[in-house]
Amino acid sequence: MSQAATDNPGAVYGFAFPGRRLSPRKLRSIRFPWTRRFRRGLIAADVYAFLSWMADELEIRDAAELALREENQRLKAALRDWQAEQAAQAYQARNAVNVRPLAPQRTRKAGA
């Protein structure tokens, strides 16, 4: 394979586009070249380059999924905190009784 092909193994198979991810349909359509006359099987360098490329794609996907899961957990925690705060405020508002503070009582003078 050429240097450009080893930098981006997907380019060898004609479907490596900058900014585009590998789709299941493209993955199923991949065909590897056969070896020459006296050897049986596929060209190992092409297969290993493809496997390396797929591993890179899976690492990217897994990192993105992890970031999304962490963001989801952060948002859930923030929502729980907000809901607890709102519930506490609603409870306080419901249970607040309009009670006047007691006025200081006058004491009776002795003998009056």
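Reading guide: rules and limits
- Residues numbered from 1 in each chain as written.
- Predicted model: local features only at pLDDT ≥ 70, side-chain atom pairs only at ≥ 80, totals over all residues.
- Heavy atoms only, no water.
- Helix = DSSP H or I, 4+ residues; strand = E, 2+ residues; numbered from the N terminus.
- Buried < 20%, exposed > 50% of the residue type's maximum accessible area, 1.4 Å probe, protein only.
- Contact = heavy atoms within 4.5 Å.
- Areas by Shrake-Rupley, 256 points an atom, 1.4 Å probe, with all protein chains shown as cover.
- pLDDT = per-residue confidence, 0-100.
- Salt bridge = Lys/Arg side-chain N within 4 Å of Asp/Glu carboxyl O.
- Expected span 1.5 Å × (residues − 1).

Colleague: Looking at this structure, I do not really get the overall build of the chain. What am I missing?
Modeller: The secondary structure content of the chain amounts to three helices and zero strands. Taken from N to C terminus, the helices and strands of the chain fall in the order α-α-α. With 112 residues in all, the chain has 12% of them scored as buried. Within the chain, contacts between residues separated by at least 24 positions form 42% of all contacts whose residues are at least 6 apart in sequence. Accessible surface computed for the chain: about 10500 Å², of which carbon and sulfur atoms make up 55%.

Colleague: Is there a simple way to think about the confidence of the model for the chain in this case?
Modeller: Reading predicted coordinates in detail is not appropriate for stretches of low pLDDT. For the chain, mean pLDDT is 75; residues scoring 70 or higher make up 67% of the total. Confidence, read as mean pLDDT per element, is least for helix α1 (residues 3–7) in the chain (48) and greatest for helix α3 (residues 44–95) (90). Counting interchain partners and residues more than four positions distant, the pLDDT-below-50 stretch residues 1–6 has six contacts.

Colleague: Which parts of the structure should I look at to understand the pattern of salt bridges?
Modeller: Two side chains that carry opposite charge are able to pair once their charged atoms sit near each other. Under the defined criterion, the tally for this structure stands at three salt bridges. D62 serves as the salt-bridge partner of R61, at 2.8 Å between the closest nitrogen and oxygen. Judged by its relative accessible area of 41%, R61 is partly exposed. On the basis of relative accessible area, D62 is assigned to the partly exposed category, the value being 38%. Residue R74 is joined to E71 by a salt bridge in which the shortest nitrogen-to-oxygen separation is 2.8 Å. Of this pair, R74 and E71 both sit in helix α3, three residues apart, roughly one helical turn.

Colleague: Mind showing me how you'd approach α3 here?
Modeller: An α-helical segment advances 3.6 residues per turn. Residues three or four places apart therefore align on the same side. The first and last C-alpha atoms of α3 sit 75 Å apart over 52 residues, in line with the 76 Å expected at 1.5 Å per residue. Listing the buried residues of α3 in full gives D46, A49, F50, W53, M54 and E57. Among the structural elements, α2 (24–29) are those in contact with the buried residues of α3.

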